[in-house]
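Here is how the chains run, residue by residue.
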Amino acid sequence: MPVEASLIQILACPACHAPLEDRTDAPSGPASEPELLCTSGDCGLAYPVRDGIPVLLVDEARRPA
């Protein structure tokens, strides 16, 4: 379920405050979940979106491979 575009515009990475990129429509495998990706080259954390709600907790984020 994609996150509303108006919400994406005001959200920022909690770790570095960079804008987030919506990756909820990206093709995903059975084990992966939709996510919001930090656009900073230094940070790059990926935050999960569960039931259409972004989980913007650094402890829940993953580092992309």
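Source: prediction; values computed, not measured.

*Asks:* Run through the overall build of the chain, naming residues and quoting values.
*Replies:* The number of helices and strands found in the chain is one helix and four strands. Ordered by position from the N terminus, the helices and strands of the chain form the series α-β-β-β-β. For the chain, the proportion of its 65 residues judged to be buried stands at 34%. Within the chain, residue pairs in contact and separated by at least 24 positions form 28% of the contacts whose partners lie at least 6 positions apart. When the accessible surface of the chain is totalled, it reaches about 4300 Å², and 54% of it is carbon and sulfur.

*Asks:* Residue-level account of the confidence of the model for the chain, with values.
*Replies:* Confidence in the prediction of the chain, expressed as mean pLDDT, is 86, and 88% of residues score 70 or more. Ranking the elements of the chain by mean pLDDT puts helix α1 (residues 5-10) last with 86 and strand β2 (residues 35-38) first with 94.

Conventions and cut-offs
Residues numbered from 1 in each chain as written. Predicted model: local features only at pLDDT ≥ 70, side-chain atom pairs only at ≥ 80, totals over all residues. Heavy atoms only, no water. Helix = DSSP H or I, 4+ residues; strand = E, 2+ residues; numbered from the N terminus. Buried < 20%, exposed > 50% of the residue type's maximum accessible area, 1.4 Å probe, protein only. Contact = heavy atoms within 4.5 Å. Areas by Shrake-Rupley, 256 points an atom, 1.4 Å probe, with all protein chains shown as cover. pLDDT = per-residue confidence, 0-100.

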